[in-house]
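Residue-level structural notes
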Amino acid sequence: MNLGLLSLDLDVLSYIISNISYRDALSLSRTCKAARTLPLEPSLRIVVLDGTSMQLIKFRDFLLAKESRPLLLKSLVVTKTVTWDMDGSCEGPMVTALADILERASKLQHFSCGAMAILAKQENRVQKSLIHLPQLTDLSILEAGPQSMDIVMSSKSRQTMQRLTLEMCSTLPNSPLRTFVKGLGRFNNLHSLSITRLYSQLRIPYLSELDTVLPSMRELVLSCTWIPMSQAATVFPNLTRITFTNAKQWPKAQTPTTPSDEDTAVCWCSLDEAHIDARDLLIWPISCRVRWLDLDVLRDVDEQVASTAVRRMNPFILSCAYTMGRHNFFWEHLHSVGRELRFIDVRLLELSAHPMEPMLSELCHSCHELTVIFLCIRAFNDPEDAHAECATIAQRLAEGNADLQFVGLSFTDGRSTREDEPVWDEELHGSTWFKIRRTSNLESRLLQGETDEGEPGVRVEVKVIPTMIGLKVRDYMYEANYEAPNWVERLSTFA
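Residues numbered from 1 in each chain as written. Predicted model: local features only at pLDDT ≥ 70, side-chain atom pairs only at ≥ 80, totals over all residues. Heavy atoms only, no water.

Brief notes about the confidence of the model for the chain
Note the threshold: Scored between 0 and 100, pLDDT is the confidence that the predictor attaches to each residue. Here a strand is any run of E in DSSP of at least two residues, a helix any run of H or I of at least four, and the numbering for each starts at the N terminus.
Looking at the chain, pLDDT values average 82 and 79% of them are 70 or higher. The least confident element of the chain is helix α11 (residues 261-264), whose mean pLDDT is 52; the most confident is helix α18 (residues 467-479), at 96.

What follows is the structure, given as structure tokens:
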């Protein structure tokens, strides 16, 4: 008996289809005549439209063909590839199609869409439908305008909203921060907020004017949006994760003033992660202890500020992108300010005039409790033998850091790489990882059958381990609880 996918029970097929995307289910239905009879409704739970505007129109037609289908839709993501496709011939039908979907999908919980300033302006049904959705938990309004701000302030999902992303594309009339925060205060369970490009749109009030507190907030992202740190701490007192990136916009906007001594004393006792560009430390000098400090891009002109931040925040994890300069002030002093560092993850961009050797020399006598180092080296000149170069660097790092257990190294061509680019998957999967083993000279000689004691000391060996094991070590170091007494024991189980 020949068994195939279509020979399975209909309930089994429905379960399979419910676990794949709508696009994949649609492709499956087009494989043969028999597959056209498959029910596509189970795949409507999560839908991502990432093609053209015509894809949105066709999806609307399919969704509304049966009255029950819109109620199955829980998550709808319309990517920018769809909204970029808008032109004079299809802009109107596309906006109408989106409005039709939002009006009927009353059970929608997650919605994300770009070009919202254009969409909401051309068809007020888009704005009204989003306002009246009662079960939204995750709302991302991208390329937003004034109408989009009204959606946030008037949303009926007061009890259910958990994540809110607001990315502006046009200047709004200046509105007080107090009004904006008061609107956010309507959401009783909001725990994640991301705001982009509200730099000059908010009038910053005196601290005494703010009377709204959002105790449920745990994650805050401010990009091109400056709010004084003292006021952010007042409104969002229980944050565990902060992302603050504004320095890139300083040439295009008024530079915020340096905070007062009162501001520098502000801290979040619950803060776990701080992702902040080194330049932004001048206006947001966070002073509380964190588990993970991500300096985004660290330049040689900001090394002293970054060094002070590490001393104040005393992190277990330090990550950054570092462009090699003529000075190495930060790395020279890291061993004294990073007293409890366990993991360093650095993207090194090497320039022709500033090789990486001085910085590596400083890392070779870094922090006493450093356990794992990962260096993504974007070199100006590729080494003749990358494997031999990696082994040499790992040996030097192991000999200079007494508690180091793992070293990961990746060599790529950095001549066309920007300093703020993340670590790409190709760099991770092409990395070389080493496990460090330390034995006393006496133990080593006894293992070799020699009876004389020889010279005292410790012998350090580096052994290549599979890349996938090394990447698991890297993932574990980002998630580890360094306050727990057994975190090192768990690390040793990887290799």
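Points about the environment of lysine 128
Spelled out, the test is: A simple rule labels every residue: compare its accessible area, found with a 1.4 Å probe on the protein chains alone, to the largest value its type can have, and call it buried under 20%, exposed over 50%, or partly exposed in between.
Within the element layout of this structure, lysine 128 appears in helix α7 (residues 124-132). Residue class for lysine 128 comes out partly exposed when judged on its relative accessible area of 49%. Between the C-alpha atom of lysine 128 and that of alanine 99, which follows or precedes it by 29 residues, the distance is 9.1 Å.

Regarding the packing of helix α5 (residues 91-104) against α7
Helix-helix packing is characterised by the crossing angle of the two axes and by the distance between the axes. The condition that has to hold: Geometry is summarised by axes, namely lines fitted to C-alpha atoms with helices restricted to the contacting stretch, and by angles between N-to-C directions that run from 0 to 180 degrees. Roughly parallel means an angle under 35 degrees; roughly antiparallel means over 145; roughly perpendicular covers 65 to 115; every other angle is labelled oblique. Left-handed is the label given to a crossing in which the near helix is rotated counterclockwise from the far helix by less than a right angle, and right-handed is the label when the rotation is clockwise. Contact definition: two residues touch when any of their heavy atoms are within 4.5 Å. Amino acids are sorted into nonpolar (Ala, Val, Leu, Ile, Met, Phe, Trp, Tyr, Cys and Pro), charged (Asp, Glu, Lys and Arg) and polar (every other residue, Gly among them).
In the contact formed by α5 and α7, the axes pass within 9 Å of each other and the chain directions differ by 20 degrees. By the angle between their axes, α5 is roughly parallel relative to α7. Between α5 and α7 lies a crossing whose hand is left-handed. In this structure, α5 uses Val95, Thr96, Leu98, Ala99, Asp100, Leu102 and Glu103 to contact α7, whose residues at the interface are Arg125, Val126, Ser129 and Leu130. The residue inventory of the contact of α5 with α7, partitioned by class, reads six nonpolar, two polar and three charged.

Details of the side chain of histidine 275
Definition in use: Throughout this description, a polar contact denotes any pair of N or O atoms lying within 3.5 Å of each other; where both atoms belong to protein, one of them has to be capable of donating a hydrogen while the other can accept it, and for residues adjacent in sequence the pair is counted only when both atoms sit in side chains.
Along the chain, histidine 275 turns up in strand β11 (residues 273-276). At 3.2 Å, the side chain of histidine 275 and the side chain of aspartate 294 are in polar contact. When residues no more than four places from it in sequence are discounted, the contact partners of histidine 275 are Arg241, Ile242, Thr243, Phe244, Trp292 and Asp294.

Here we look at the nonpolar core
Condition: Among buried residues, those of type Ala, Val, Leu, Ile, Met, Phe, Trp, Tyr and Cys that are joined through side-chain atoms within 4.5 Å constitute a nonpolar core.
Counting residues in hydrophobic clusters, the biggest one holds 117 residues, and the most contacted among them are Phe59, Leu76, Phe111, Trp268, Trp284 and Leu334. Considering each element in turn, this core owes the most residues, seven residues, to α5. If near-sequence neighbours (up to four positions away) are discounted, leucine 76 is found in contact with Val47, Leu49, Phe59, Ile101, Leu108, His110, Phe111 and Ser112. Core analysis: the next-biggest nonpolar cluster, separate from the first, contains 21 residues, Phe343, Phe406, Tyr482 and Trp487 among them.

Concerning the packing of aromatic side chains
The criterion, for reference: Between the rings of Phe, Tyr and Trp (Trp by its six-membered ring), a pair exists once the centres lie within 6.5 Å; its type follows the angle of the planes, with under 30 degrees stacked, over 60 edge-to-face, and the other angles tilted. Each ring is checked for a lysine NZ or an arginine CZ that lies within 6 Å of its centre and within 35 degrees of its normal; such an atom marks a charge sitting over the ring.
Counted by the stated rule, this structure contains ten aromatic pairs. When the ring of phenylalanine 343 is compared with that of tyrosine 478, the centres are 5.1 Å apart and the planes differ by 80 degrees; the resulting orientation is edge-to-face. Taken together, the residues phenylalanine 343 in strand β14 (residues 343-349) and tyrosine 478 in helix α18 connect sequence positions 135 residues apart. Overall, phenylalanine 343 belongs to the buried group, its relative accessible area being 0%. Chaining the aromatic ring pairs together yields one cluster made of Phe244, Trp268 and Trp284. Stacked on the ring of phenylalanine 62, the Lys or Arg arginine 69 has its end atom at 3.9 Å from the ring centre.

Focus on the pattern of salt bridges
Under the convention used in this document: Definition used for salt bridges: Asp or Glu carboxyl oxygen within 4 Å of a side-chain nitrogen of Lys or Arg.
Taken as a whole, this structure holds 20 salt bridges when the rule is applied. Of the charged contacts in the structure, one is a salt bridge between arginine 125 and glutamate 103, with a shortest N-O distance of 2.8 Å. You can see arginine 125 sitting in helix α7 and its partner glutamate 103 sitting in helix α5, a full 22 residues away along the chain. Among the residues examined, arginine 125 registers a relative accessible area of 21% and is labelled partly exposed. Using a relative accessible area of 44% as the deciding quantity, one classes glutamate 103 as partly exposed. A salt bridge links glutamate 427 to arginine 378; its shortest N-O distance comes to 2.9 Å. Of the two residues, glutamate 427 sits in helix α16 (residues 425-429) while arginine 378 sits in strand β15 (residues 372-379), which places them 49 residues apart along the sequence. When its relative accessible area of 2% is taken as the criterion, arginine 378 is described as buried. Salt bridges here are not isolated pairs; linked through shared partners, they connect Arg60, Asp61, Asp100, Glu103, Glu123 and Arg125.

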